[in-house]
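# Structural characterization, general
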Amino acid sequence: MTVDTDLEDVTQTTVYIPFSDSDHVDAPVPPSLFPERDFLYGCQFRFQVCRTAWAKCLRRMQELIHSLHAPVIESVVEHVKKSYTDELPGLPYPELPVVSVTSSSTSSSLFDEISSRLEGSTGELFGDSNDHFVTHVFPSDCPNITGAMKAVVSGFVSRSPSEEQNIKRKPSTSLAAYDISLLEAWYRAACDVQDDHRNRTRMVVIMHDFEQLEPHVVQDMFEICSSYIPRLPLVFILALSSPPSPSYIHATYPRSTLALLRMRNCPFPPAQQSMHNILLKTFFDPIFEPDIMMGPTAIDFAVEFFTRHSSSFDGLLSIFQLAHMKHFEEPLTLLAPVQPLGRPKDAAKVLLTPDAFPFLDALFARVHESALIAPIEHATRWRTATIDSLLSSVDTARDTFQMRTKLLRVAFRLVLHIRQFMLAQGYKAAQGEQTVPELMCLALRGRLGIAYSNLCSIVRKLPAAKLDDFMQLVHDFFQDVPDDVRAEEDEVISRVDMAHEMLTRDASAEDISDLLGNWLLEYFRLRIIALEDIPLWDIWYTGLTPFPSELINPSPRASILAGLIHPQGYISPGHPSGDDDDDEELPDTSILFKGYLESGKMINVYDWFESFAVVLEARKRQLVKKHITDGKYGNSGTPSRKKGKQKQVEVDNEDADAEGDEEEWHMEVQARFIRALQELDYLGFIKHTGRKVDHVMRIVFDSPE
């Protein structure tokens, strides 16, 4: 009842309508891109499988990102803690502590983690359980010095010193919101509430996108804040995306401003190196096994986008999330996890329905073509095929793919270990021209032969002193791999142990290194091969599927034009589709836009309305004619036998109803025209001019193709 009252109140600018379970409407089943081999609820099942697979990959990548953040966060927290205790003696005036975090690849969670660490207890080891106060300042908050100081002061004083509830102050009984004296009074009250008489609590200001702030505004703000040190223990944390050398701060701000600051820098690891580690430890780690293995095209696009466009970990996560969603468009990817439909009995109930026959047919055709069935059984196997037998074949293919992929990862990591060892020993020829992501893509394509052949040729030339260290490296590497991999690689491990024993018996180092190089070359040729040869590989591997780059870098202008000209390509699945040239199926905005494209630079609004009304009148006549043809309107076949006076009264009533309907129809046409016109105005297609009140100016003149 309150909601209805608020909706009727003209003074209310915003009304909150709470969600109710009765308002929930089941969403329609999304259409499949491959209906010829999918079933009714296949998209919903695959969506759940996709969420599970991506959640596993996301957790791994977030753990790696947090491990990269951890040293930076610890350094920042330590600098904040010692900002007013570790000072140089004999300074003519106290300095304003400033900590710069330099990185172009940090995710949005870095400063959230820093803020949570500072606002929590940071010194329990030394009996310091005080919390620090943290506020965030963005470039949009600082158009001038008044706005900047208001953002800093209000960020602290808008909350209670005891953190129990926010405070509402009367403007007439309080200092101005940009007056730093208000912040000083608030800080003294906060220290009294927390019984912090030694002023160990810091007031931390995190300034996001520091390069976008106006330098003269920042200069004035630093000068004002430095005059209140140490009465206000302010600490500024600057988020920088520019390289640390040359320093943006030293190149932009004058010496008079820098003299007020005590700078501390917390650099982030290089962006490309961090990205390489994330890719390596996510998709080529011997221990971690993702549900979906990324192919070379997805990795290539992620590296190119990260290097050339946006060095952000958030963008990297979005790219691989889209790659997962693109992969699960294929109906057979439903079988990616173990028991995707539950127990075999539950899977049989789902897959034995008539609408699942195309899915089963496609699955059986793939299993029939693969090496999972012996060629001699092809002619008879289809007669005895059951759901359990098909799922058992898929389980066999899954185990084969996972083992082959794991062996590929282990062999690739061994290549990197050998490469790193050779570089440490001074063999510059081992460096090569490829980066780590390029080597990943070559390994997935099975084209890493040049790289590992070069390394094996260097192994053949190792002297005895370096050969011992090299064999110890290979031996320790295989000791750290999982047990199932060690069992599969028992032959190569025994060969390495044999070579080590031969070296201890004073055998010829040249013969041993030559033999070891040949063994490693044979091992790499056996393990580093393309994954497309495995049966049903496209269920667990994206392969060479093109990445949907248009979702990362869309073209909104072309999309808006295409949506207005061809709206049938953007309608919901339940909407009847028709020809784009048929005005009967076009929405009002598209009808108005067709007249927009046929007009000149200036458009007469009344003429535009008349042409719009003509289209709607024609559509109305066609609709009435169709209803009459279907028998929904019109008189019955039996003639009426009513008297003349009664018949005349009915005719008059029909004329009055027709006049009322005609008036309502004209009002509806005007309302629909105004709404469509406002939509085009909102999209930026028209411009109002003061010269001609009844005209609007056309802005877009692109010829849509």
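Heads up: these notes are all about the structure in this document.

Conventions and cut-offs
Residues numbered from 1 in each chain as written. Predicted model: local features only at pLDDT ≥ 70, side-chain atom pairs only at ≥ 80, totals over all residues. Heavy atoms only, no water. Patch = residues over 30% accessible without salt bridge, like charges linked within 9 Å, V, L, I, M, F, W, Y side chains within 5 Å. Areas by Shrake-Rupley, 256 points an atom, 1.4 Å probe, with all protein chains shown as cover. Salt bridge = Lys/Arg side-chain N within 4 Å of Asp/Glu carboxyl O. Lys, Arg positive; Asp, Glu negative; His and termini not counted. Charge placed at Lys NZ, Arg CZ, Asp CG, Glu CD. Helix = DSSP H or I, 4+ residues; strand = E, 2+ residues; numbered from the N terminus. Buried < 20%, exposed > 50% of the residue type's maximum accessible area, 1.4 Å probe, protein only. Pairing = 2+ DSSP bridges. Axes fitted to C-alpha atoms, helices over the stretch in contact; angles between N-to-C directions. Contact = heavy atoms within 4.5 Å. Polar contact = N/O pair within 3.5 Å; in protein donor to acceptor, adjacent residues only side chain to side chain. Expected span 1.5 Å × (residues − 1). Arc of directions from axis to C-beta. Core = buried A, V, L, I, M, F, W, Y, C linked by side-chain atoms within 4.5 Å. 1 Å grid on protein atoms, 1.4 Å probe; cavity = no way out; pocket = protein on both sides within 12 Å on 5 of 7 lines; lining within 4 Å. Points joined across faces, edges and corners; volume = space filled by probe spheres on them. Nonpolar A, V, L, I, M, F, W, Y, C, P; charged D, E, K, R; others polar. Phe/Tyr/Trp six-rings, centres within 6.5 Å; stacked < 30°, edge-to-face > 60°.

### Things to note about a negative patch on the surface
Taken together, the side chains of Asp661, Glu662, Glu663 and Glu664 present a region of like negative charge at the surface. Tracing the backbone through its elements, the reader meets Glu662 in helix H26 (residues 644-683). Exposure remark for Glu662: the relative accessible area of 35% places this residue in the partly exposed category.

### Topic: the sheet that holds strand E8 (residues 695-698)
Read from one edge to the other, the open sheet built from three strands follows the order E6-E8-E7, with strand pairing classed as antiparallel. Every interior strand has two partners, whereas the edge strands, strand E6 (602-604) and strand E7 (686-688), have only one. Within this sheet the neighbouring strands show an average axis-to-axis angle of 40°, counted without direction. When E7 meets E8, the two strands line up antiparallel, connected through three bridges. The partner of Lys687 across the bridge, within E8, is Met697. Together, E6, E7 and E8 form the strand contacts of helix H25 (residues 605-629), whose direction differs from that of E6 by roughly 60°.

### Points about the side chain of Ser32
Assignment of secondary structure puts Ser32 in the loop between helix H1 (2-8) and helix H2 (42-81). Side-chain polar atoms of Ser32 contact the backbone nitrogen of Phe34, separated by 3.1 Å. Not counting residues up to four positions away in its chain, the partners in contact with Ser32 are Asp38, Cys43 and Arg46.

### A short note on a nonpolar patch on the surface
Residues Leu40, Tyr41 and Phe45 make up a contiguous nonpolar surface patch of about 270 Å² in total accessible area. Here Leu40 is to be found in the loop between H1 and H2.

### Topic: helix H20 (residues 490-504)
Residue pairs spaced three or four apart in an α-helix point in one direction, given the helix's 3.6 residues per turn. For H20, which comprises 15 residues, the first-to-last C-alpha distance of 21 Å matches the rise-based estimate of 21 Å (1.5 Å per residue) to within 8%. Of all the positions in H20, only Val492, Ile493, Arg495, Val496, Ala499 and Leu503 are classed as buried. Along the axis of H20, the buried residues cluster in a sector spanning 160°; they form a single face. Of the exposed residues in H20, those oriented more than 90 degrees away from the buried face are Asp490 and Thr504. On its buried side, H20 packs onto helix H18 (464-479), helix H19 (483-488) and helix H21 (509-527).

### With respect to the nonpolar core
In this structure, Phe210, Leu234, Phe236, Ile237 and Phe524 are the most contacted members of the largest nonpolar core, which totals 171 residues. For this core, the leading source of residues is helix H15 (residues 387-424), giving 17 residues. Beyond its immediate chain neighbours, meaning those up to four positions away, Ile237 contacts Val76, Val80, Val99, Val101, Phe111, Ile114, Leu118, Val204, Val205, Ile206 and Met207.

### Focus: the layout of surface pockets
Of the pockets and cavities examined, the largest pocket occupies roughly 530 Å³. If you go around the largest pocket, you meet 16 residues; those closest to its centre are Leu33, Met325, Lys326, Phe328 and Glu329. Among the elements of the structure, H2, helix H11 (313-327) and helix H22 (549-552) are those that each provide at least two residues to the lining of the largest pocket. Looking at which element gives the most residues to the lining of the largest pocket, the answer is H2, with four residues. Partitioned by chemical class, the residues of the lining of the largest pocket number eleven nonpolar, one polar and four charged.

### Considerations on the packing of aromatic side chains
How two aromatic rings sit relative to each other is given by the distance of their centres and the angle of their planes. One pass over the full model with this rule turns up 28 aromatic pairs. Between Phe301 and Phe547, the ring centres sit 4.4 Å apart and the planes meet at 25°, which makes this aromatic pair stacked. Placement of Phe301 in helix H10 (residues 296-308) and of Phe547 in the loop between H21 and H22 is noted, with a sequence separation of 246 residues between them. Residue Phe301 shares its accessibility class with Phe547, and that shared class is buried. Judged by centre distance (5.5 Å) and plane angle (40°), the ring pair of Tyr452 and Phe524 falls under tilted. Within this pair, whereas Tyr452 is found in helix H17 (residues 449-459), its partner Phe524 is found in helix H21, the two being separated by 72 residues in sequence.

### A closer look at the pairing of E8
Across three bridges, the pairing between E6 and E8 is antiparallel. Bridge assignment links Ile603 to a residue of E8, and that residue is Val696. Here E7 folds back onto E8, and the loop between the two strands holds six residues.

### Points about H10
With 13 residues, H10 should reach 18 Å at 1.5 Å per residue; the first-to-last C-alpha distance of 18 Å fits that figure. Burial in H10 covers these residues: Pro296, Ala298, Ile299, Phe301, Ala302, Val303, Phe305 and Phe306. Each element contacted by the buried residues of H10 is listed here: helix H9 (271-283), H11, helix H16 (436-445) and H22.

### Digging into the environment of Glu95
Topologically, Glu95 is positioned in the loop between H2 and strand E1 (96-102). In the structure, Glu95 is positioned 132 residues away from Ser227 in sequence and 9.4 Å away in space, judged by C-alpha atoms. In contact with Glu95, other than residues within four places in its own chain, are Ile229, Ala259, Leu260, Leu261 and Arg262.

### What to know about the sheet that holds strand E5 (residues 261-267)
The strand order E2-E3-E4-E1-E5 describes an open sheet built from five strands, whose pairing is parallel. The open sheet has two edge strands, strand E2 (133-137) and E5, and neither has a second partner. Each strand of the sheet is rotated relative to its neighbour by a mean of 20°, with strand direction disregarded. Where E1 lies against E5, seven bridges are found, and the strand directions are parallel. The partner of Val101 across the bridge, within E5, is Cys266. In the packing of helix H3 (residues 109-119) onto the sheet, the strands contacted are E1, E2, strand E3 (203-207) and strand E4 (234-240), and the crossing angle to E2 comes to about 155°.

### Details of the pattern of salt bridges
Side chains bearing opposite charge may pair, as long as their charged atoms lie close to each other. Enumeration over the complete set of coordinates arrives at 24 salt bridges. Close ionic contact of Asp538 with Arg366 constitutes a salt bridge, the shortest N to O distance being 3.0 Å. On the criterion of sequence distance, the pair formed by Asp538 in the loop between H21 and H22 and Arg366 in helix H13 (residues 357-369) is long-range, its members being 172 residues apart. Residue Arg366 is classed as partly exposed on the basis of its relative accessible area of 22%. Note that Glu679 is salt-bridged to Arg675, the shortest N-O span being 3.7 Å. One end of the pair, Glu679, and the other, Arg675, are both in helix H26, four residues apart, so they sit about a helical turn from each other. Under the relative-accessibility criterion, Arg675 is labelled exposed at 60%. Residues participating in the shared-partner salt-bridge network are Glu36, Arg37 and Glu330.

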